[in-house]
Amino acid sequence: MPSASGTMAVVGLTAPVRIVRDGEGVPHIFANSLEGIHFGIGFAHAQDRLWQMELQRRAVAGRLSELLGERTLSTDILMRTFDLRGHAERSLAKLPEEARRQLEAYAQGVNAYMQRRTGLFEPRYPIEFLLLRYEPEPWTAADCVAVVKLMALNLSTNIGAETLRLAFAAQGLTPAEITDLMPPDPEVAPPLLPDLASLYPIRRTGPQKQAAIPIVDAMIGEGASNNWVVSGAKTKSGKPLLANDPHLRLAAPSIWYLAHLALERADGTLVSSAGATLPGVPHVVVGRSNTLAWGFTNTGPDVQDLFVEKINPDNAKEYLTPDGWRPFGSESIAIKVKGQSDYVVERRTTRHGPVMPDFFRGVGTYLEPGHVAALAWTALSDDDTTIAAGLMSPEAVRSIDDFFAQMVPYIVPMQSMVVADTAGNIGLIAPGRVPIRDPKNVVAGRAPVPGWDATYDWKGFIPIDGVPRVKNPAAGAIGTANARMVPPDFPYFLTNDWDAPYRQQRVNELVIDRGGHDMESMKAAQADVLSPAVVRLQALMIAAAQAGANVDNGILDQLTAWDGRQGMSGPEPLIFAAWIRETMRGIFADDLGPVFERYFDGRPMTLIRVLEGRATGRDWCDDRRTKEHESCAQILADALQRALKDLETRFGPDRKAWNWGTAHVALSEHRPFGLVPYLAPYFNIEVPSPGGDETLNRGKMEYGDAQPYANRHASSFRGIYDLADLEKSLFMQTTGQSGNPLSPHYRSFAERWSKDAYIEIPTQPDAIARIAVGTWTLTPAR
């Protein structure tokens with residue numbers, strides 16, 4: 001384990017940097033310049049998270065197979081197709097000189113740690129490097145930009161919705177049926193999706209004939225989160241309160257690393273920022289400074305479009321454009337694969353973007369021969385200056401107006417950023433590059449479109465002064481939870497695929513529509529485990545099942561008495577989750593065939609629509625594989641019996657012993673050793689957890705997984721900030737500060753996180769001194 005204390009003389013440093021560790025493993029980095037601070041956080045990140053950083057940069061560069069072999073080849077092919085690493089290198093050259101200087105300082109800090117003099121028995125690199133028997137390359141400024149690109153990939157999810165609608169069309173589903181399955185926000189319902197087969201040739205395959213669809217897990221995640229800010233008019237202190245909890249896929253170690261960065265002024269005072277940093281990047285991504293607090297949620301705009309390109313039948317090197325045939329861009333790429341010869345792929349591009357591999361989301365399964373799909377995506381740009389927006393000086397950015405101005409270079413992924421300052425102002429800005437589409441484009445981002453028709457080409461981007469922005473609203477509060485966050489008359493199109501509104505409803509009920517807030521009410525809202533979706537489904541499903549045959553009335557009575565809260569204790573949340581899972585299978589598996597596994601999820605908006613009789617595209621409850629006509633009542637009754645049987649198989653016959661917290665274990669898996677059976681217990685982190693798919697204290701499941709009730713996607717970080725006294729701010733992440741499974745800080749936060757506890761990160765020197773456990777002093781080499 002890295003020593004908590006040490007000294008090191010470093011070439012390139014112009015002034016000392018101190019890294020003071022507290023008892024929680026949080027580094028407090030002191031320097032008299034931004035370069036020194038960023039050097040220090042680079043050094044600290046390398047001490048604690050070097051393998052995580054290495055895995056991220058290899059993933060984004062498409063170089064995992066060099067270490068892990070053929071199992072990651074499809075991921076490498078996809079990432080080479082995106083060329084995110086190439087875009088990162090070219091974007092680096094477009095950054096302001098000051099931003100490049102800060103990234104270089106960070107990279108120097110990382111490399112200084114890797115090049116340090118080691119003790120007699122001290123390994124230079126973490127255990128993962130030892131097990132895989134290799135040494136990492138030096139860190140570069142371009143690696144920092146690439147890590148931000150990877151986060152953009154995690155949070156830009158529209159491509160999944162587009163290919164799913166294409167899969168439905170290939171199954172022969174009508175536009176009305178597709179709308180039933182993926183309903184839009186009711187207040188901004190778009191026109192019915194056109195028949196996709198009228199736009200380009202689709203392979204029509206019945207549900208019983210189509211082969212299984214290969215799906216590549218290429219770190220394309222699901223972005224969700226909660227944030228809110230309330231003005232002094234709604235707080236007991238008379239100053240704003242701000243809270244934020246980004247929801248991301250759980251991992252070991254946590255995606256976030258807590259840190260405090262302290263800029264030392266000549267007069268001896270400190271200008272601080274503290275909060276969640278992203279290893280590989282020198283930012284405090286979400287957190288607070290001396291005068292500001294800020295928090296992000298994923299806005300989820302539609303910034304990806306798949307274009308179906310027609311290949312010239314007389315020349316396979318050309319594709320059709322509105323102006324005739326044009327040659328593909330093409331380059332041959334060799335991917336190194338451990339234990340094998342290089343795998344060579346051809347990367348083709350069109351005027352829209354890279355041509356996607358046929359295996360990606362099964363796109364090659366659905367398009368007729370002679371057609372390919374190319375991706376247009378705002379992150380695939382060589383002028384992405386997003387990282388510069390995060391390199392803000394806490395001394396220069398002191399008010400929400402400063403913060404708004406700082407976000408001008410922000411490109412991707414678009415985030416709904418709430419912010420408050422100690423002067424009492426609150427606001428929101430959602431910066432990012434969002435395409436403008438032709439009003440005649442009735443598909444409007446919902447599905448792939450023909451690339452040879454200029455109607456579907458992007459017509460520019462929303463200007464920075466046109467993105468959502470508000471300051472000191474009359475309501476005295478702002479909150480977002482990935483649902484529609486602009487009014488129906490907003491002048492620009494953002495997306496047709498907003499998140500379901502249930503978490504937003506709870507934000508409104510618990511925060512926006514109330515007053516008298518304090519830190520306790522903020523904590524209670526982040527810990528909330530009541531879902532309006534569950535409450536609505538509870539009534540609908542029980543009523544339907546009561547009309548079915550052979551129903552277990554005792555279980556229905558038990559669920560009727562349940563208050564719908566998905567706390568850690570009791571069997572009811574588990575029974576209900578299992579019932580929803582089997583209900584989804586019972587209603588939709590026969591209709592969707594092999595596509596069902598991609599669709600398999602809780603999907604409360606769809607299920608409520610069916611049970612309320614508003615899904616009129618077809619009779620979804622009737623099983624098309626039988627001669628009999630099945631009612632929703634019987635489907636629900638049968639699904640309950642299957643759910644109970646499944647739970648008995650997994651957790652034993654004693655229903656009173658079933659418990660949501662232990663069944664709904666938060667599973668933070670290490671990559672790659674969390675997947676190796678004899679290593680997994682040492683690398684993976686598991687703790688009981690509350691919540692569900694649609695609660696503020698989120699605990700999202702993967703219904704088709706071998707552990708379908710495990711919590712896979714949750715509040716990866718929690719922060720609460722009191723602008724009356726920012727020293728009282730609260731923080732928590734999911735695992736611990738260290739990426740070393742032998743460290744006491746590898747899993748030291750996990751149990752406290754599961755119980756909704758927090759830590760403080762003091763920024764005053766005397767308070768830090770009281771909890772310090774060691775100091776690294778980095779000095780200029782003479």
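Counting of residues starts from 1 at the beginning of each chain's written sequence and follows it residue by residue. Confidence filtering applies because this is a predicted model: local features only for residues at pLDDT of at least 70, side-chain atom pairs given and counted only at 80 or more, and all residues used for totals across whole chains, interfaces and linings. Think of the side-chain values as coming from all heavy atoms in the structure, minus any hydrogens and water.

J.: Could you give me a rundown of the overall build of the protein, with the residues and numbers involved?
T.: Runs of H or I in DSSP of at least four residues are treated as helices and runs of E of at least two as strands, each being numbered from the N terminus. Assigned secondary structure in the protein consists of 24 helices and 27 strands. Using C-alpha atoms as the atom set, the radius of gyration is obtained and then compared with a globule rule of 2.2 Å times the number of residues to the power 0.38. Whereas a compact globule of 782 residues would reach a radius of gyration of roughly 28 Å, the protein reaches 26 Å, a difference of no more than 12%. Projected onto its principal axes, the C-alpha positions of the protein cover 85 × 70 × 55 Å. Only protein chains enter the accessibility calculation, which uses a 1.4 Å probe; a residue is then buried when its area is under 20% of its type maximum, exposed when over 50%, and partly exposed in between. Expressed as a percentage of the 782 residues in the protein, the buried residues total 63%. Whether two residues are in contact is decided by their heavy atoms, any of which lying within 4.5 Å being enough. Within the protein, residue pairs in contact and separated by at least 24 positions form 72% of the contacts whose partners lie at least 6 positions apart. Note on areas: these come from Shrake-Rupley sampling with a 1.4 Å probe, and a residue is covered only by the protein chains present in the view. When the accessible surface of the protein is summed, it comes to about 28,800 Å², and 52% of that surface belongs to carbon and sulfur atoms. His is not counted here, nor are the chain ends, while Lys and Arg score as positive and Asp and Glu score as negative. Just so you know, the charge point we use is NZ for Lys, CZ for Arg, CG for Asp and CD for Glu. Treating the 78 positive side-chain charges of the protein as one cloud and the 91 negative ones as another, the clouds have centres 2 Å apart.

J.: For the confidence of the model for the protein, give the residues involved together with the corresponding values.
T.: Every residue carries a pLDDT, the predictor's confidence in it, which falls somewhere between 0 and 100. Of all residues in the protein, 98% have pLDDT values of 70 or greater, and the mean over the chain is 95. Low pLDDT, under 50, characterises residues 206-218; the stretch is placed with 33 contacts to residues that sit more than four places away or in other chains.

J.: Go over the environment of Tyr 319 with me, naming the residues and quoting the values.
T.: Within the element layout of this structure, Tyr 319 appears in strand S11 (residues 315-321). Between the C-alpha atoms of Tyr 319 and Ala 105, which are 214 residues apart in sequence, the distance is 45 Å. The residues contacting Tyr 319, other than those within four sequence positions of it, are Glu 309, Lys 310, Ile 311, Asn 312, Gly 324, Trp 325, Arg 326, Pro 327, Phe 328, Thr 349, Thr 350 and Arg 351.

J.: Talk me through the side chain of Ser 289; I want residue IDs and the actual numbers.
T.: As for its position among the elements, Ser 289 is in strand S8 (residues 284-289). Identification of polar contacts relies on pairs of N or O atoms within 3.5 Å, with a donor-acceptor requirement for protein atoms, meaning one able to donate a hydrogen and the other able to accept it, and with residues adjacent in sequence counted only if both atoms are side-chain atoms. Side-chain polar atoms of Ser 289 contact the backbone nitrogen of Thr 291, separated by 3.3 Å. If sequence neighbours within four positions are ignored, Ser 289 has contacts with Ser 272, Ser 273, Trp 294, Pro 394 and Leu 726.

J.: Pulling in residues and values, what's your account of the packing of helix H15 (residues 532-546) against helix H20 (residues 632-651)?
T.: It is the contact of H15 with H20, at a shortest axis distance of 7 Å, that shows an interaxial angle of 100°. In this view, H15 runs roughly perpendicular relative to H20, as classed from their interaxial angle. Contacts from Met 541, Ala 544 and Ala 545 of H15 reach H20 at Ala 633, Leu 636 and Ala 637. Here the residues of the contact of H15 with H20 sort into six nonpolar, no polar and no charged. Angles here are taken between N-to-C directions and fall from 0 to 180 degrees, while the axes themselves are lines fitted to C-alpha atoms, restricted in helices to the stretch in contact. When describing relative orientation, an angle under 35 degrees is termed roughly parallel and one over 145 degrees roughly antiparallel, while 65 to 115 degrees is termed roughly perpendicular and anything else oblique. Three categories are distinguished: nonpolar for Ala, Val, Leu, Ile, Met, Phe, Trp, Tyr, Cys and Pro, charged for Asp, Glu, Lys and Arg, and polar for the others, with Gly belonging to the last.

J.: Give me the packing of aromatic side chains: which residues, what numbers.
T.: Stacked, tilted and edge-to-face pairs are distinguished by plane angle, under 30 degrees for stacked and over 60 for edge-to-face with tilted covering the rest, among Phe, Tyr and Trp rings (Trp via its six-membered ring) whose centres lie within 6.5 Å. All told, the structure shown has 20 aromatic pairs when counted by the stated rule. Relative to Phe 328, the ring of Tyr 319 lies with its centre 4.9 Å away and its plane at 40°, an arrangement referred to as tilted. Summarising the burial analysis for this pair, Tyr 319 and Phe 328 share the class buried. On the numbers, 5.7 Å between centres and 75° between planes, the contact of Phe 588 with Tyr 599 is edge-to-face. Highlighted residues: Phe 588 in helix H17 (residues 572-592) and Tyr 599 in helix H18 (residues 596-599), separated in sequence by eleven residues. Connected via pairs of aromatic rings, a cluster forms that spans Trp 51, Tyr 125, Phe 129 and Tyr 134. Lysine NZ or arginine CZ positioned within 6 Å of the ring centre and within 35 degrees of the ring normal marks a charge as sitting over the ring. Of note, Arg 18 hangs over the ring of Phe 30, and the distance from its end group to the ring centre comes to 4.5 Å.

J.: Now, about the state of the cysteines: what can you tell me, with residues and values included?
T.: Here, two cysteine sulfur atoms that lie within 2.5 Å of each other are counted as a disulfide. In this structure the tally under the stated criterion is one disulfide. Disulfide pairing is shown between Cys 621 and Cys 632; the S-S distance is 2.0 Å. What sets the handedness of the Cys 621 and Cys 632 disulfide is the S-S torsion sign, and at about 90° it is right-handed. Highlighted residues: Cys 621 in the loop between helix H19 (604-611) and H20 and Cys 632 in helix H20, separated in sequence by eleven residues. A relative accessible area of 1% places Cys 621 in the buried class.

J.: Describe the pairing of strand S9 (residues 292-298), and please don't skip the residues or the numbers.
T.: Of all seven residues in S9, seven are buried; the element is thus mostly enclosed. Burial of S9 is two-sided: the residues Leu 292, Trp 294, Phe 296 and Asn 298 facing one way and the residues Ala 293, Gly 295 and Thr 297 facing the other way are all buried. The criterion for strand pairing is that DSSP finds at least two bridges linking the strands in question. One ladder, built from two bridges, connects S8 with S9; its direction is antiparallel. Bridge pairing in S9 places Gly 287 opposite Trp 294. Counting the residues that bridge the hairpin from S8 to S9 gives two residues. Across seven bridges, S9 lies against strand S16 (residues 415-421) in antiparallel orientation.

J.: Pulling in residues and values, what's your account of the pairing of strand S7 (residues 270-277)?
T.: The element S7 is largely enclosed, with a buried count of eight among its eight residues. Here strand S6 (residues 257-264) runs beside S7; their pairing, made up of eight bridges, is antiparallel. Paired with Glu 264 across the bridge in S7 is Leu 270. In this antiparallel pair of consecutive strands, S6 and S7, the connection spans five residues, and Gly 268 shows a positive phi of 95°. Where S7 meets S8, five bridges bridge the pair, whose relative direction is antiparallel. Each bridged residue has a counterpart across the sheet, and for Ala 274 the counterpart in S8 is Arg 288. Hairpin remark: S7 followed by S8, antiparallel, with six residues in the connecting loop; positive phi at Gly 280, about 110°.

J.: Got a sec to walk through the sheet that holds strand S1 (residues 6-10)? Specific residues and values, please.
T.: Judged by pairing direction, the sheet is mixed, and its eleven strands sit side by side in the order S1-S27-S2-S3-S6-S7-S8-S9-S16-S17-S19 without closing on themselves. Both edges of this open sheet fall to S1 and strand S19 (469-471), since each of them pairs with a single strand only. Between one strand and the next, the sheet's axes are offset by a mean angle of 20°, whatever the strand orientation. Each of S1, strand S2 (17-22), strand S3 (27-31), S6, S7 and strand S27 (772-780) is contacted by helix H1 (residues 34-61), which is oriented at about 155° to S6, the strand it contacts most.

J.: Just give me the short version of helix H5 (residues 97-114), but keep the residues and values in it.
T.: For H5, with 18 residues, the first-to-last C-alpha span of 26 Å sits near the 26 Å given by 1.5 Å per residue. The set of residues buried in H5 consists of Ala 99, Gln 102, Leu 103, Ala 105, Tyr 106, Ala 107, Gly 109, Val 110, Asn 111, Ala 112, Tyr 113 and Met 114. Those residues of H5 hidden inside the fold are in contact with S1, H1, helix H4 (84-94), helix H7 (141-155) and helix H11 (386-390). Here a helix's expected span is defined as the number of its residues, less one, multiplied by 1.5 Å.

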